[in-house]
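# Descriptive structure summary
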Amino acid sequence: MIIRARTVVTMDGAPIENGAVAVSGNQIADVGKFDEIRARNAGEIVDLGEQALLPGFINAHCHLDYTCLRGKIPPLRAAADSCSHGPVGRPNLPALGDESTGHRPVATESFADWIRAINAEKAKLSPNDYIASINDGFAEAKRFGTTTIANLTAFAELIPQIREPIRTWWFAELIDVRAPERSNEIVDLAIGSLKSAPNWGLAPHALFTASKNLYSHCEEVARREDILLTTHLAESREEMEMFRDASGPLYEFLKSIGRNMSDCGRQTPLELFLGAPGGRALPHWIVSHLNELTESDFDLLERSERRFHVVHSPRSHDYFNHSRFPFEKLRALGFNICLGTDSLASNDSLSLFDEMRAFRRSEPGISPDKILKMVTVNPARALRQENTLGRIRRGFRADLLAVRCNERDTPFEQILEFDGSVDWIMVNGKL
Ligand SMILES: [Zn+2]
C-alpha cells in the first residue's frame, strides 16, 4: 500500500511535502516524495489529501486500570501536593480502616486524603470492572492517535484476558508496603502473568510503597530477562518531606500503616534511589515525575554517569499542584524526557495532543517539533525501540496517524493544535 499525504512528518529530517509512505506487511518499506515512491513501489494508492502523516504516538506512562475513575476525585489545589497514584490499598492486600468504606470524599487537600479517595473508589471495583476500564482506556488512547503505550497495571493476572488494540508494554505495578516479607513472592507471581505479554517489564510503585528488597529483586530480574523497569520517583513535596525530614502527612500516613520508616530522615528520594546497592540507574529504568529535586540532587545527577529515561505528565502534574518540573535542567544534563498521560484518576483524557499542549503552556520556549519528539522519538528510545518505532523510516514498524494539515502554518504547529479524535490510524500495518 502507498499512502500519500500533503506532508509526511517523518521525525527523521524535514517534513516531506507531497510525500508518501509505502507499507508492506507491518513495516514501512519506503518513504519519500510521492512521485518517487510511486515509481519505486507497487500497490494500492491511498490519498489522504490535506493531511499530515506522522508516526503513531507513544504514551510513556499510563495506568489504564483507572480509566473509569475519570472525574471521581477532585484535584488537589490549595496547599496540596501528592503522588498521582496511591494504590496503597490493593484489593489483595488488607485495606485500612475508612479507606475502603466507599464514602465519596468531598475534598482532597492532602496526599492522605487522595489515597483515601482513590482507595474508596477502588474498593467498589471488581476484576470485570478493571477489565472494562482497561479496554475503554485502550480504545480512548487509540482514538487520540496513540499506537504504543507503556501501561502500568496493579492486576497483572488480568493481562491474559485482554486483547490490546495497540502495541503495549505491560508493567506490573508492585507494592509490598503491607507485606515486605513477601516481596520476592509478589514479584515472581506478577512475572508468571506478565510472560503471556509480548512486551513486559516491572514497576516497583515508589520508594514509599515498595521495599528496597523489592527494587533489588526487580533489578535482578531485569538483568536476567533483559526487561525494562519503571517507577515513580520524587513526585511530590510530601515524598521529599518524608524521606529527607522524616515528617509530613505522607510520613505519618505510612507510619500508621506499619511501614518501616528507618530509611527516612537522611536522604532525598533521588539519593535513596541512586544510592541503593546493585548499581541502581541501570539503563533499563524509566523514571516518572522527578518534580522534587534539590540542588544537591542535581549535583548528584551531574556526577552520575548513567542516564535513565524520564517521563513527565503535565496535566497530572497540574492536577496535583506539584512543584515545577525542572525540564530545562534535566534536558541540559542529557536526560531523555518523554510525555505520558498518567491515569484518568488524575487527568481527563488519554490524549497526547492535550498533553503536548499542556506541556507547551508551561514551556512556551520549546519548539513544537521538539515537543512532538517527546511522544515519538524519545519514548521509542526509552522503550529501547529506537530502531523500530517513533519515526517514519524504512524498516520501522508501520504505526502511523494522520491529522488535517494545510498551508496556513507549519505542520508541527498544526499537529500540536489538533483537537479531537484521529480519523486515520494504522497500527502494525493494519488500519
Ligand atoms: Zn503513575
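Please read all numbers here as calculations on a predicted model, not as lab measurements. (Residues numbered from 1 in each chain as written. Predicted model: local features only at pLDDT ≥ 70, side-chain atom pairs only at ≥ 80, totals over all residues. Heavy atoms only, no water.)

This part covers the sheet that holds strand E12 (residues 309–312). Strand order across the open sheet formed by eight strands is E6-E7-E8-E9-E10-E11-E12-E13, with parallel pairing between neighbours. Strands with a single pairing partner mark the edges of an open sheet, and in this sheet they are strand E6 (57–62) and strand E13 (336–339). The mean angle between the axes of side-by-side strands here comes to 25°, regardless of whether they run parallel or antiparallel. Where strand E7 (residues 146–153) and strand E8 (residues 167–174) come together, six bridges link them in parallel fashion. Directly across from Ile149, in E8, lies its bridge partner Thr168. (Pairing = 2+ DSSP bridges. Helix = DSSP H or I, 4+ residues; strand = E, 2+ residues; numbered from the N terminus. Axes fitted to C-alpha atoms, helices over the stretch in contact; angles between N-to-C directions.)

If you look at the biggest cluster of nonpolar residues, it comprises 109 residues, and the most contacted ones within it are Phe57, Leu202, Leu290, Leu301, Phe308, Leu330 and Leu372. Ile3, Val46, Leu48 and Ile392 belong to the second largest nonpolar core, which has 17 residues in total. (Core = buried A, V, L, I, M, F, W, Y, C linked by side-chain atoms within 4.5 Å. Buried < 20%, exposed > 50% of the residue type's maximum accessible area, 1.4 Å probe, protein only.)

Once that is clear, we can look at unusual backbone geometry. Unlike most non-glycine residues, Asn321 shows phi in positive territory, near 55°. Topologically, Asn321 is positioned in the loop between helix H10 (314–319) and helix H11 (327–332). Here Asn321 falls in the partly exposed class, since its relative accessible area comes to 30%. At Asp342, a position not held by glycine, the phi torsion is positive, near 60°. Inspection of the secondary structure puts Asp342 in the loop between E13 and helix H12 (352–362).

In this model, helix H3 (residues 127–143) (17 residues) spans 24 Å end to end at C-alpha, consistent with the 24 Å of a helix rising 1.5 Å per residue. Every buried residue of H3 is accounted for by Tyr130, Ile131, Ser133, Ile134, Gly137, Phe138, Glu140 and Ala141. If you follow the buried residues of H3, they end up packed against helix H2 (111–122), E7 and E8. One or two steps after H3, the chain reaches Gly145, where phi turns positive at roughly 90°. (Expected span 1.5 Å × (residues − 1). Contact = heavy atoms within 4.5 Å.)

Within this structure, the stated rule accounts for 25 salt bridges. Residue Glu295 pairs with Lys329 through a salt bridge whose shortest N-O separation is 3.0 Å. Of the two residues, Glu295 sits in helix H9 (residues 295–303) while Lys329 sits in helix H11, which places them 34 residues apart along the sequence. Judged by relative accessible area, which is 54%, Glu295 ranks as exposed. In this structure, Glu417 and Arg408 form a salt bridge, with 3.5 Å as the shortest nitrogen-oxygen distance. (Salt bridge = Lys/Arg side-chain N within 4 Å of Asp/Glu carboxyl O.)

On to the side chain of Thr10, then. Within the secondary structure, Thr10 sits in the loop between strand E1 (2–8) and strand E2 (16–24). The contacts of Thr10, once residues within four sequence positions are left out, are Ile16, Val31, Pro55, Arg391 and Ile392.

Note that Arg384 resides in the loop between helix H14 (377–382) and strand E14 (400–404). Residue classification places Arg384 among the partly exposed residues on the basis of a relative accessible area of 36%. Along the primary structure Arg384 and Ala345 are separated by 39 residues, whereas in three dimensions their C-alpha atoms are 28 Å apart. Excluding anything up to four places from it in sequence, Arg384 contacts Asp226, Ile227, Leu228 and His284. Polar contacts involving the side chain of Arg384 include one to the main-chain carbonyl oxygen of Asp226, which spans 2.9 Å. (Polar contact = N/O pair within 3.5 Å; in protein donor to acceptor, adjacent residues only side chain to side chain.)

With that settled, consider empty space enclosed by the protein. Counted under the stated rule, the structure contains one cavity of 30 Å³ or more. Put simply, the largest cavity is a space of about 50 Å³. In terms of lining, the largest cavity is formed by Pro55, Gly56, Ile58, Thr147, Thr148, Thr388, Leu389, Gly390, Arg391, Arg397 and Asp399. (1 Å grid on protein atoms, 1.4 Å probe; cavity = no way out; pocket = protein on both sides within 12 Å on 5 of 7 lines; lining within 4 Å. Points joined across faces, edges and corners; volume = space filled by probe spheres on them.)

For the rest of this paragraph, the subject is the packing of aromatic side chains. Summed over the entire model, instances satisfying the criterion amount to 13 aromatic pairs. Pairing Phe327 with Phe359 gives two aromatic rings, centres 5.0 Å apart and planes at 75°, and the pair type is edge-to-face. In this pair, Phe327 is assigned in helix H11 and Phe359 in helix H12, connecting sequence segments 32 residues apart. The pair Phe327 / Phe359 is uniform in exposure class, with both members buried. Chaining the aromatic ring pairs together yields one cluster made of Tyr215, Phe273, Trp285, Phe308 and Phe335. Taking the ring centre of Phe144 as reference, the NZ or CZ of Arg143 above it sits at 5.9 Å. (Phe/Tyr/Trp six-rings, centres within 6.5 Å; stacked < 30°, edge-to-face > 60°. Lys NZ or Arg CZ within 6 Å of the ring centre and 35° of its normal.)

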